[in-house]
There are 2 protein chains.
Amino acid sequence: MPSIKLADIPTTAPKKADKEQIKEEMQTILKDLDELQNLLYAEHKHSLLVVLQGMDASGKDGVVRDVFGTMNPMGVVVTPFKAPTAQEMDHDFLWRIHQHAPGKGTIQVFNRSHYEDVLVQRVHKWVDDDVITKRFGAINDFEKLLRDHNSTHILKFYLHVSQGAQMARLEERTQDPRKMWKYNEKDFAEAKLFKKYQKAYEDVFKECNKIPWYIVPADHNWYKEYFIAKTVRDTLKSLKMKFPKLPKVKNNEDVKP
Amino acid sequence: MPSIKLADIPTTAPKKADKEQIKEEMQTILKDLDELQNLLYAEHKHSLLVVLQGMDASGKDGVVRDVFGTMNPMGVVVTPFKAPTAQEMDHDFLWRIHQHAPGKGTIQVFNRSHYEDVLVQRVHKWVDDDVITKRFGAINDFEKLLRDHNSTHILKFYLHVSQGAQMARLEERTQDPRKMWKYNEKDFAEAKLFKKYQKAYEDVFKECNKIPWYIVPADHNWYKEYFIAKTVRDTLKSLKMKFPKLPKVKNNEDVKP
């Protein structure tokens, strides 16, 4: 991936995208996803790791609900990563992440991820750049481990919102009684660091690109969710999965009550 | 570490080693270890990972009991790695290992380890050499992660027994009523693969040497335990640990019932 300037990339749906048409197509995609997830589970060979990253209010929770919430929860696990606990801080930064790596046949969604350790910690200068550089290397090694040693397919999405859309959504949290629970008194202070976060993300895209990033225009929820659902569907389809054949059926004689 | 031929390395205590003198020195070392482990726990900065590898009956359990069993179990954790469970098999081979990486201030002893995945699996040809090569790389990345991102000091010991000593100990398990529980019907079949295991170990020493291996002469238990205890003691000593100073004591006024 060549150097990326987030400011040059649109945060809105492409002009040619027709909202009504896409909403219709979305129904087909969600049906496909349900089928493909069932097949993934049945075949028990591959696994899928979906990494959702983005600024506050970029719509990660919405993706979890509207894209992954329609599948069978037996094979779909969502793990949010918040501030680390004391026990987690006693270990390397990937320790708590690795525990939630997907097992064969399952889809694991990370709502925030190991990337926070090279984003929030960097923007706030909690660690120096030498540590950040080492972490980039460790992240690349870690993703390679999952890919090469457990057939884990990794999809990394950056939910790309404009500063205006972010601010409007944060304001909404202070007004809408159904959204107030999401309000955090630090949100507006963090929002002021928007450009610093974008810069830190640009470095992530440059340093941790052995498994590519998808930059998702995220100002319009309908487009963002379509983009991600379609990418997941196409990825699962490309695996050419097959239902396992029936094992040799035992003679009834073998089944003794 | 240059290429190693295990057949050329003695399995017995050096001739100059005086058993009585070493047993006496061992008492001092164990006292030092107890102090140093307490300091490690109190300082809460470093951690120590001890990897014990060796053929069946090479005396790993004895090391656990006689070297690590004398320290405070609050800060010493021993984890044996046996055949992986179904859940563990659904993940990459380092998944179950990473969960047991030591937290700051603790000593973690692996009784067998991630190295089994490039030893027993290789000798039995359960995986091909391409997978083994990839695993060597993943192991190096993993040990680097622990070292660089959690101040984990890693000591890797190979308990080097002769084929004769191994066979005598396996025989003992069939005779001594206190040792029969250790007998496994596969032991003698595995013992026939002694040379193949040695060859697989030699490759491990060559491919995974960024953190060095200690080859421990292990035919004499007193010498083997002394060697390991001394190495652990010297390693902990080299960390120049200090007890944390008293934090600012609050005025009694602040403590209100």
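- As annotated in an unreviewed UniProt entry, chain A is PPK2 family polyphosphate kinase from Chitinophaga caseinilytica.
- Its UniProt record gives chain A a comment under Sequence similarities (unreviewed entry), which states: "Belongs to the polyphosphate kinase 2 (PPK2) family. Class I subfamily."

1. What about the UniProt feature "domain: Polyphosphate kinase-2-related" (unreviewed entry) in chain A?
Moving on, step 1. Summarizing the sequence annotation, UniProt attributes the feature "domain: Polyphosphate kinase-2-related" (unreviewed entry) to residues 17-241 of chain A in the numbering used throughout.
Moving on, step 2. Annotated as 52% helix and 14% strand, the span residues 17-241 of chain A places its first and last C-alpha atoms 31 Å apart.

2. What to know about the pairing of strand 5 (residues 213-217) of chain A
All names here are of chain A.
Moving on, step 1. Strand 5 sits mainly inside the fold: four of its five residues count as buried.
Moving on, step 2. Sheet topology note: the strand 4 (residues 152-160)/strand 5 ladder contains five bridges and is parallel. Along strand 5, the bridge assignment pairs Phe157 with Tyr214.

3. Let's talk about the layout of surface pockets
To find leftover empty space, a probe the size of one water molecule is rolled over the atoms.
All names here are of chain A.
Moving on, step 1. By volume, the second largest pocket amounts to about 1,700 Å³.
Moving on, step 2. What lines the second largest pocket is a set of 49 residues, and nearest its centre among them are Asp56, Ala57, Lys60, Arg112 and Arg173.
Moving on, step 3. Listed by contribution, the elements that provide at least two residues to the lining of the second largest pocket are helix 2 (60-68), helix 5 (120-123), helix 7 (163-175), helix 8 (187-191), helix 9 (194-207) and helix 10 (221-238).
Moving on, step 4. Sort the elements by how many residues they give to the lining of the second largest pocket and helix 2 lands first, with six residues.
Moving on, step 5. Looking at the lining of the second largest pocket residue by residue, the class counts come to 17 nonpolar, ten polar and 22 charged.

4. Quick look at the environment of Gln163(A)
Residues and elements named next belong to chain A.
Moving on, step 1. On the secondary structure map, Gln163 appears in helix 7.
Moving on, step 2. Linking Gln163 and Met55, residues 108 residues apart in sequence, is a C-alpha distance of 9.5 Å.
Moving on, step 3. Not counting the four nearest positions on each side in its chain, Gln163 is found in contact with Ala191, Phe194 and Lys195.

5. Some details on the packing of helix 2 (residues 60-68) of chain B against helix 10 (residues 221-238) of chain B
Residue and element names in this part refer to chain B.
Moving on, step 1. In the contact formed by helix 2 and helix 10, the axes pass within 10 Å of each other and the chain directions differ by 55°. Accordingly, the angle class assigned to the pair helix 2 and helix 10 is oblique. The chirality of how helix 2 crosses helix 10 is right-handed. Contacts between helix 2 and helix 10 pair Gly62, Val63, Asp66, Val67 and Phe68 from the former with Lys224, Glu225, Ile228, Ala229 and Val232 from the latter.

6. Here's the deal with the nonpolar core
Moving on, step 1. Ranked by size, the top nonpolar core spans 74 residues in total, and within it Phe68(A), Phe157(A), Ile228(A) and Leu236(A) carry the most contacts.
Moving on, step 2. The residues contacting Leu236(A), other than those within four sequence positions of it, are Leu33(A), Leu36(A), Leu40(A), Leu48(A), Ile107(A) and Met241(A).
Moving on, step 3. Residues Ala13(B), Leu146(B), Ala200(B) and Val204(B) belong to the second largest nonpolar core, which totals 72 residues.

7. A few points about the interface of chain B and chain A
Moving on, step 1. Each partner contributes residues to the interface: chain B has 23 residues there, and chain A has 23 residues.
Moving on, step 2. For the chain B and chain A pair, buried surface summed over both sides reaches about 2,000 Å², with 54% attributable to carbon and sulfur atoms.
Moving on, step 3. Across the chain B-chain A interface, the total number found is 17 residue pairs in polar contact (both at pLDDT 80 or more).
Moving on, step 4. Going through the elements one at a time, helix 4 (95-98) and helix 6 (129-150) of chain B are the ones with two or more residues in the side of chain B that touches chain A.
Moving on, step 5. Here the side of chain B that touches chain A takes nine residues from helix 6 of chain B, the largest share from any one element.
Moving on, step 6. In terms of residue class, the side of chain B that touches chain A is built from nine nonpolar, seven polar and seven charged.

8. Focus: the sheet that holds strand 3 (residues 107-111) of chain A
Residues and elements named next belong to chain A.
Moving on, step 1. One open sheet accounts for five strands, arranged 2-3-1-4-5; its pairing is parallel. Strands with a single pairing partner mark the edges of an open sheet, and in this sheet they are strand 2 (76-80) and strand 5. Strand-to-strand twist across the sheet, computed as the mean angle between neighbouring axes with direction ignored, equals 20°.
Moving on, step 2. In the sheet, strand 1 (residues 47-54) pairs with strand 4 via eight bridges, with the strands oriented parallel. When the bridges of strand 4 are listed, Val51 appears paired with Lys156.
Moving on, step 3. Most of the contacts of helix 6 (residues 129-150) go to strand 4, to which it runs at about 145°, and overall it touches strand 1 and strand 4.

Rules of the game
- Residues numbered from 1 in each chain as written.
- Chains lettered and ligands numbered in written order.
- Predicted model: local features only at pLDDT ≥ 70, side-chain atom pairs only at ≥ 80, totals over all residues.
- Heavy atoms only, no water.
- UniProt positions renumbered as here; feature names shortened; annotations may be inferred.
- Helix = DSSP H or I, 4+ residues; strand = E, 2+ residues; numbered from the N terminus.
- Buried < 20%, exposed > 50% of the residue type's maximum accessible area, 1.4 Å probe, protein only.
- Pairing = 2+ DSSP bridges.
- 1 Å grid on protein atoms, 1.4 Å probe; cavity = no way out; pocket = protein on both sides within 12 Å on 5 of 7 lines; lining within 4 Å.
- Points joined across faces, edges and corners; volume = space filled by probe spheres on them.
- Nonpolar A, V, L, I, M, F, W, Y, C, P; charged D, E, K, R; others polar.
- Contact = heavy atoms within 4.5 Å.
- Axes fitted to C-alpha atoms, helices over the stretch in contact; angles between N-to-C directions.
- Parallel < 35°, antiparallel > 145°, perpendicular 65-115°, else oblique.
- Left-handed = near helix turned anticlockwise from the far one by under 90°.
- Core = buried A, V, L, I, M, F, W, Y, C linked by side-chain atoms within 4.5 Å.
- Buried area = accessible area lost by both parts, 1.4 Å probe.
- Polar contact = N/O pair within 3.5 Å; in protein donor to acceptor, adjacent residues only side chain to side chain.

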